[in-house]
Amino acid sequence: MSIKALIVDDEENSRKALLNMLQYYCKDIEVIGQAENIANAYELINMHKPDVVFLDIQMPGGNGFELLKKFKPIPFKVIFVTAFDHFALRAIKLSAVDYLLKPVSPKELIRAVSKLEKQMDVEDLFDKQMEALEDNMQPERQEKKIILNTSTTMHVIKINEVIRCEADENYTHVIKEDGKAVLVAKTLKEFDEMLSPFGFCRIHQSHLVNLSHVLTFEKSSGIVILTTKERIPVSSRRKEFFLSALQHYV
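Residues numbered from 1 in each chain as written. Predicted model: local features only at pLDDT ≥ 70, side-chain atom pairs only at ≥ 80, totals over all residues. Heavy atoms only, no water.

Section: the layout of surface pockets
One water molecule sets the probe size; rolling that probe over the atoms shows where empty space is left. If you add up the space inside the largest pocket, you get close to 870 Å³. Secondary-structure elements contributing two or more residues to the lining of the largest pocket are helix 4 (86-94), strand 5 (99-101), helix 5 (106-119), helix 6 (125-136), strand 6 (145-149) and helix 7 (188-195). Per-class residue counts for the lining of the largest pocket are 14 nonpolar, eight polar and 11 charged. In this structure, the second largest pocket occupies an estimated 310 Å³ of space. Considering the residues around the second largest pocket, the lining is formed by 16 residues, among which Phe65, Leu68, Lys69, Met130 and Glu134 are closest to the centre. Elements that contribute at least two residues to the lining of the second largest pocket include exactly helix 3 (64-68) and helix 6. With five residues, the single largest contributor to the lining of the second largest pocket is helix 6. Residues belonging to the lining of the second largest pocket are distributed by class as follows: eight nonpolar, two polar and six charged. (1 Å grid on protein atoms, 1.4 Å probe; cavity = no way out; pocket = protein on both sides within 12 Å on 5 of 7 lines; lining within 4 Å. Points joined across faces, edges and corners; volume = space filled by probe spheres on them. Helix = DSSP H or I, 4+ residues; strand = E, 2+ residues; numbered from the N terminus. Nonpolar A, V, L, I, M, F, W, Y, C, P; charged D, E, K, R; others polar.)

A closer look at the confidence of the model for the protein chain
On average, the protein chain scores 88 in pLDDT, and the residues at 70 or more come to 94%. At the low end of the mean pLDDT range in the protein chain sits helix 6, at 74; at the high end sits strand 12 (residues 207-210), at 97. (pLDDT = per-residue confidence, 0-100.)

Comments concerning helix 2 (residues 38-48)
All of the buried residues along helix 2 are Ile38, Ala41, Leu44 and Ile45. Projected down its long axis, helix 2 shows its buried positions confined to an angular sector of 125 degrees, all on one face. Those residues of helix 2 that are exposed and angled more than 90 degrees off the buried face are Ala39 and Met47. Where helix 2 is buried, its residues meet strand 1 (3-8), strand 2 (29-35), strand 3 (52-56) and helix 3. Just downstream of helix 2 lies Lys49, where phi reads positive at about 50 degrees. (Buried < 20%, exposed > 50% of the residue type's maximum accessible area, 1.4 Å probe, protein only. Arc of directions from axis to C-beta. Contact = heavy atoms within 4.5 Å.)

Thoughts on unusual backbone geometry
Note the cis peptide between Lys72 and Pro73, where omega equals -5 degrees. Looking along the chain, the bond that leaves Lys102 and enters Pro103 is cis, with omega of -10 degrees. Relative to the assigned elements, Pro103 resides in the loop between strand 5 and helix 5. Even without being a glycine, Glu169 presents a positive backbone phi close to 55 degrees. Along the chain, Glu169 falls in the loop between strand 8 (162-168) and strand 9 (171-176).

What about the sheet that holds strand 11 (residues 200-204)?
Taken in spatial order, the five strands line up as 10-9-8-12-11 in an open sheet, and their pairing is antiparallel. Of all the strands in the sheet, just strand 10 (181-184) and strand 11 have a single pairing partner and so form its edges. Across the sheet, the mean angle separating the axes of adjacent strands is 20 degrees when strand polarity is ignored. Bridge count for strand 8 against strand 9 is six bridges, and the pairing is antiparallel. By the bridge assignment, Asp168 is partnered in strand 9 with Tyr171. (Pairing = 2+ DSSP bridges. Axes fitted to C-alpha atoms, helices over the stretch in contact; angles between N-to-C directions.)

What about the packing of aromatic side chains?
As enumerated under the stated definition, the model contains five aromatic pairs in all. When the ring of Phe65 is compared with that of Phe80, the centres are 5.3 Å apart and the planes differ by 50 degrees; the resulting orientation is tilted. One end of the pair, Phe65, is in helix 3; the other, Phe80, is in strand 4 (residues 77-82), and 15 residues separate them in sequence. The pair formed by Phe65 and Phe80 is uniform in burial state, with each residue classed as buried. Ring-pair connections join several aromatic residues into one group, and the members of that group are Tyr42, Phe71 and Phe76. Positioned over the ring face of Tyr42 is Lys70, at 5.4 Å from the centre of the ring. (Phe/Tyr/Trp six-rings, centres within 6.5 Å; stacked < 30°, edge-to-face > 60°. Lys NZ or Arg CZ within 6 Å of the ring centre and 35° of its normal.)

What to know about the packing of helix 1 (residues 12-25) against helix 5
At a closest axis distance of 11 Å, the pairing of helix 1 and helix 5 adopts a crossing angle of 65 degrees. Compared by their axis directions, helix 1 and helix 5 come out roughly perpendicular. With respect to the hand of their crossing, helix 1 and helix 5 are arranged in right-handed fashion. Listed contacts from helix 5 to Leu18, Met21, Leu22 and Tyr25 of helix 1 are Pro106, Leu109, Ile110 and Val113. Split by residue class, the contact of helix 1 with helix 5 holds eight nonpolar, no polar and no charged. (Parallel < 35°, antiparallel > 145°, perpendicular 65-115°, else oblique. Left-handed = near helix turned anticlockwise from the far one by under 90°.)

Below, the structure is given as structure tokens:
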């Protein structure tokens, strides 16, 4: 299966490096063009109809998100390619959109392309991700969303509806307000990195809790009682961190 790709990046060296890696490591990817800015990218997309766009975020004259806003619905998949950007990267991770950090490593490129190949026939997947991403990119919006992908379903959930997360080896159970749990193939560490900026605290090797759902902390037993009446242990080595986080949160 040949996948037509467009590379959009204002840095010529970055475009060449990605092109070389794709040609060497990803034989199913056919690069049909390169663009150095939004206007050029828009023209090439309409001309060549790529299946996927490797899209830099920060470029002179506009960012990658402005390009995507020109298409409703978006008729191609996107893999963001970016230097580290706290705000944009946080929004991308929450929205479960794939990305590559510069300088791009062959291992991560192969992983991203392999994931892309599995999702090529899923029609509404990317549109839902981009809807969540657009919401998460608004600094003033309080209700951020997280996308949870399982083997059969995509769940779009408001972050404040997540009560807690519980580790299960390389998986995580995400427990919602309605009591239902979603099993996701991500580690608790990954969820900690995504959710800690939004009032979540790792209180135990196996538990990450939403501080807005903490009712009581029993100092004698080291137990947190949540709004769901669940009793979750706080490890001794995380106790001071948890108490500090709770005081700053309230």
